[in-house]
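# Summary of the model geometry
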Amino acid sequence: MKLGIVGLPNVGKSTLFNALTKAGAESANYPFCTIDPNVGIVPVPDFRLGLLTDMYHSRKTTPAVIEFVDIAGLVKGASKGEGLGNQFLSNIREVDAIVHVVRCFEDDNVVHVDGSVNPLRDIETINLELIFSDLEILERRIAKTSKGAKNDKALAKELETLSRLKYHLEDGRPVKSLAHADEEEAAFIQSLNMLTGKPVIYAANVSEDDLADDASGNPYVESVRNYAREEGSEVFVICAQIEQEIAELEEDEKKMFLEDLGLSESGLDKLIAASYRILGLISYLTAGEQETRAWTIKKGTKAPQAAGKIHTDFERGFIRAEVVNYQELLNAGTYAAARDKGLVRLEGKDYVVQDGDVVLFRFNV
């Protein structure tokens, strides 16, 4: 999974990136201190992996990972070259979802690029810049497609979709709000990698004082939640500064620190949960002496395609899957005991893999 982090300068974007990835991206109280895109790989915390590793005495434990891409802050007029322009948006065209960091705190010591705190204005500014960036890409694609569309029915159909999409964007609406004519058109639009077609997760960056009660009394956060609800996006509350402090701690210290703040989970935990929800993802597990590992798949994935995540040969030569729920396996104590109790099921090609399944694939190539 790959997530792109966007936002205005000085909203806590790079501070959050640092906290999530411990990658040490430069973060300072002046606009545009992030110039080159920062990339960080983060393991997905999963308590099930540790339990299965202990049970199997696995030599290696491999969690699922998320790749974060942090780009320079955007400002109003970026598409026309304001600030550093929108040249960095190309770095997040390949991401699965966008994490939009929105400032929801007052602090006279941290300048706001527009002079005041207004999350909805900030969101609109970023959304417009994403629309302009998409239009730029679309206009180039239309010019190219137009040349061959007269003598090619497939290209003519593509041109019709591209033109409809252009009109939609020019009306100030994101790609994801366009109703698709059919599945073929939806697949074509998805292949264009439009920024405004991607799912969005809003990170409402608050002060430490607002963190404990999930910012329930913060009017800025409430406005972001209402906005996100209307467009079908996710929101999570975070204090980027606190997250950076948490990132420096050992695991046991981290737990105590969160408890002292009245929190049950870190911002990274919240973000991962939101990412999995909005992208419709789950994790299945494989376990053994060599390695215990988590594999991320889409909800509704059938066994052969889930096997293909491990290796294409597994999908091509799929015979069956031996499946047991991780909790039932742990309760049984060993895989052999789980099998004796009838907890291990033999599943075929139509089995839809569930979150927390421990799977052993049988295949023949």
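Residues numbered from 1 in each chain as written. Predicted model: local features only at pLDDT ≥ 70, side-chain atom pairs only at ≥ 80, totals over all residues. Heavy atoms only, no water.

## Focus on the overall build of the protein chain
The line we're drawing: Working definition: helices are DSSP H or I runs of at least four residues, strands are E runs of at least two. Numbering for both runs from the N terminus. Each residue is placed in one exposure class: buried if its accessible area under a 1.4 Å probe, protein chains only, is under 20% of its type's maximum, exposed if it is over 50%, and partly exposed if it falls in between. The contact rule is simple, with two residues in contact once any of their heavy atoms fall within 4.5 Å. All accessible-area figures derive from a Shrake-Rupley calculation using a 1.4 Å probe, and residue coverage is judged against the displayed protein chains alone.
A tally of regular secondary structure across the protein chain gives 13 helices and 12 strands. Within the protein chain, the proportion of its 365 residues that are buried is 48%. Long-range pairs, those at least 24 residues apart, make up 68% of the contacts in the protein chain between residues at least 6 apart in sequence. A total accessible area of about 18,100 Å² is found for the protein chain, and carbon and sulfur atoms account for 49% of it.

## Overview of the packing of helix α4 (residues 153-170) against helix α5 (residues 183-191)
Threshold: Axis lines are fitted to C-alpha atoms, over the contacting stretch for helices. Their N-to-C directions set the angle, which ranges from 0 to 180 degrees. Angles are sorted into four bins: roughly parallel if under 35 degrees, roughly antiparallel if over 145, roughly perpendicular if 65 to 115, and oblique for all others. Left-handed describes a crossing whose near helix is turned anticlockwise from the far helix by less than a right angle; the clockwise case is right-handed.
Between α4 and α5, the least distance of the axes is 11 Å, while the angle of their chain directions is 70 degrees. Relative to α5, the element α4 lies roughly perpendicular. The way α4 lies across α5 gives a crossing that is right-handed. Contact residues: α4 offers Lys157, Glu158, Thr161, Leu162, Arg164 and Leu165, while α5 offers Glu184, Glu185, Phe188 and Ile189.

## Remarks on the nonpolar core
Heads up, the rule is: Residues enter a nonpolar core if they are buried and are Ala, Val, Leu, Ile, Met, Phe, Trp, Tyr or Cys, with the set joined through side-chain atoms within 4.5 Å.
Ranked by size, the top nonpolar core spans 50 residues in total, and within it Phe68, Leu271 and Leu329 carry the most contacts. For this core, the element with the highest residue contribution is helix α9 (residues 267-279), accounting for 7 residues. If you look at the next biggest cluster of nonpolar residues, it comprises 18 residues, including Cys104, Ile123, Ala204 and Ala228.

## Re unusual backbone geometry
The backbone phi angle of His57 is positive, close to 55 degrees, even though this residue is not glycine. By the secondary structure assignment, His57 is in the loop between α2 (47-56) and β3 (60-62). Not every positive phi belongs to a glycine, and Asn193 is a case in point at roughly 60 degrees. Relative to the helices and strands, Asn193 is located in the loop between α5 and β6 (200-205). The class of Asn193 is partly exposed, set by a relative accessible area of 21%.

## What to know about the confidence of the model for the protein chain
The line we're drawing: Per-residue confidence from the predictor is given as pLDDT, running between 0 and 100.
When the pLDDT values of the protein chain are averaged, the result is 85; 88% of them are 70 or greater. Between residues 23-36, whose pLDDT stays under 50, and residues either more than four places distant or in other chains, the model counts 36 contacts. Predicted confidence is poor over residues 81-85, with pLDDT under 50, and the contacts of this stretch with residues over four places away or in other chains come to 11 contacts.

## A short note on the side chain of Thr145
Take Thr145: it is sitting in helix α3 (residues 119-149). By relative accessible area, Thr145 is classed as buried at 5%. Sequence-distant contacts of Thr145, that is, excluding residues within four places in its chain, are made with Leu155, Glu158, Leu159 and Leu162.

## Section: the packing of aromatic side chains
Just so we agree on the cut-off: The rule is short: rings of Phe, Tyr and Trp, with Trp giving its six-membered ring, pair when the centres are within 6.5 Å, and they are stacked under 30 degrees, edge-to-face over 60, tilted in between. The rule is short: NZ of Lys or CZ of Arg within 6 Å of the ring centre and within 35 degrees of the ring normal puts a charge over the ring.
Counted by the stated rule, this structure contains 5 aromatic pairs. Taken together, the ring pairs connect Tyr284, Phe318 and Phe361 into an aromatic cluster. The aromatic ring of Phe105 is capped on one face by Arg103, whose charged end is 4.5 Å from the ring centroid. Just above the ring of Trp295 sits the side chain of Arg293; from NZ or CZ to the centre is 4.1 Å.

## Quick notes on α5
Three- or four-residue spacings in an α-helix give side chains the same orientation, since the helix completes a turn every 3.6 residues. Our working definition: By arc we mean the arc of the directions from the helix axis to the C-beta atoms, nothing more. Here a polar contact is taken to be a pair of N or O atoms separated by no more than 3.5 Å, where protein atoms must pair a possible hydrogen donor with a possible acceptor and residues adjacent in sequence count only if both atoms sit in side chains.
Here α5 has its buried residues at Glu185, Phe188 and Ile189. All buried residues of α5 project into a common sector of 100 degrees when viewed along the axis, lining one side. Of the exposed residues in α5, the ones pointing more than 90 degrees away from its buried face are Glu183, Gln190 and Ser191. Where the residues of α5 are buried, they touch α3 and α4. A side-chain oxygen of the first residue of α5 lies 3.2 Å from the backbone nitrogen of Glu184; this N-cap is Asp182.

## Concerning the sheet that holds β6
Applied cut-off: At least two bridges found by DSSP between two strands are what make those strands a pair.
Ordered by their spatial adjacency, 6 strands build an open sheet running β2-β4-β1-β5-β6-β7, and the pairing between neighbours is mixed. For this open sheet the edge positions go to β2 (38-43) and β7 (234-238), each flanked by a neighbour on one side alone. The mean angle between the axes of side-by-side strands here comes to 25 degrees, regardless of whether they run parallel or antiparallel. Relative to strand β5 (residues 97-103), strand β1 (residues 2-6) is paired through 4 bridges, and the arrangement is parallel. Bridge assignment links Val6 to a residue of β5, and that residue is His100.

## Details of α4
Our working definition: Under the convention used throughout, the expected extent of a helix is 1.5 Å for every residue step, that is, one less than its residue count.
Its 18 residues give α4 an end-to-end C-alpha distance of 26 Å, which sits within 8% of 26 Å, the value for a rise of 1.5 Å per residue. Along α4, the positions that sit buried rather than exposed are Leu159, Thr161, Leu162, Leu165, His168 and Leu169. Where α4 is buried, its residues contact α3 and α5. Of the residues that open α4, the one with a side-chain oxygen 2.9 Å from the backbone nitrogen of Ala154 is Asp152. At the C-terminal side of α4, Gly172 shows a positive phi close to 80 degrees.

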